[in-house]
Amino acid sequence: MITLQIMDIGTFMTKLLCSELFDSFQFLEGTLQNRITYTFDGHLVKDFYSQDELETEGLAGLPYLPFSMLRPTLFDLIKGKRTPGYFKFTFFLSPNDFLQLFSTVSDSFDKIHGFLLNLKFQNKELTATTGVSYQDFSLDKSPEFEWDNEIRQFFKNYAIAFTEIS
């Protein structure tokens, strides 16, 4: 697990809310405080959709809402002249990206439920923290190191300036 402090919050928020950069992630949960506090549960409510809609929209088999479907709503809640007082969003690496990124690694990845990215804005600072959710206990921390490196590289590839703070 690493924590990265985002150096240019405005640029980062533009990339988060106005581009497709984070659209491949699923949205696990979130909290946003501005005029009121909004709490988001990213679990898909499958009864809301018909089976055809689940298939057509690419939601079949997904436990969480793709960020691409929530991004416009978050943009509408955050845009404006006043910065939110606080937010925390937890993202889950999509199953397809999981398989693409980690198809050639050790058996310890079989014990992984998912890879997480937490974004937290508090006291006018924005941090990104990585995490790994395990299905079973594992002493092997190589998946965590791999995920940390992937996030560092992702941020570098998309010119997201950061300082590592842990």
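1. Quick notes on the packing of aromatic side chains
The full count for this structure, using the stated rule, is 21 aromatic pairs. Measuring from centroid to centroid gives 5.3 Å for Phe115 and Trp147, while their planes differ by 45 degrees, and the two rings are tilted. Here Trp147 lies in helix H5 (residues 142-157) and Phe115 lies in strand E6 (residues 112-122), a separation of 32 residues in the sequence. For the pair Phe115 and Trp147, one class covers both residues: buried. Judged by centre distance (5.2 Å) and plane angle (55 degrees), the ring pair of Phe154 and Tyr158 falls under tilted.

2. Comments concerning the pattern of salt bridges
One pass over the full model with this rule turns up three salt bridges. With a shortest N-O distance of 2.8 Å, Asp23 and Arg71 are connected by a salt bridge. Within this pair, whereas Asp23 is found in the loop between helix H1 (9-18) and strand E2 (25-33), its partner Arg71 is found in helix H3 (residues 67-78), the two being separated by 48 residues in sequence. Each member of the pair, Asp23 together with Arg71, is buried.

Reading guide: rules and limits
Residues numbered from 1 in each chain as written. Predicted model: local features only at pLDDT ≥ 70, side-chain atom pairs only at ≥ 80, totals over all residues. Heavy atoms only, no water. Phe/Tyr/Trp six-rings, centres within 6.5 Å; stacked < 30°, edge-to-face > 60°. Helix = DSSP H or I, 4+ residues; strand = E, 2+ residues; numbered from the N terminus. Buried < 20%, exposed > 50% of the residue type's maximum accessible area, 1.4 Å probe, protein only. Salt bridge = Lys/Arg side-chain N within 4 Å of Asp/Glu carboxyl O.

Honestly, it's all geometry; don't read function into it.
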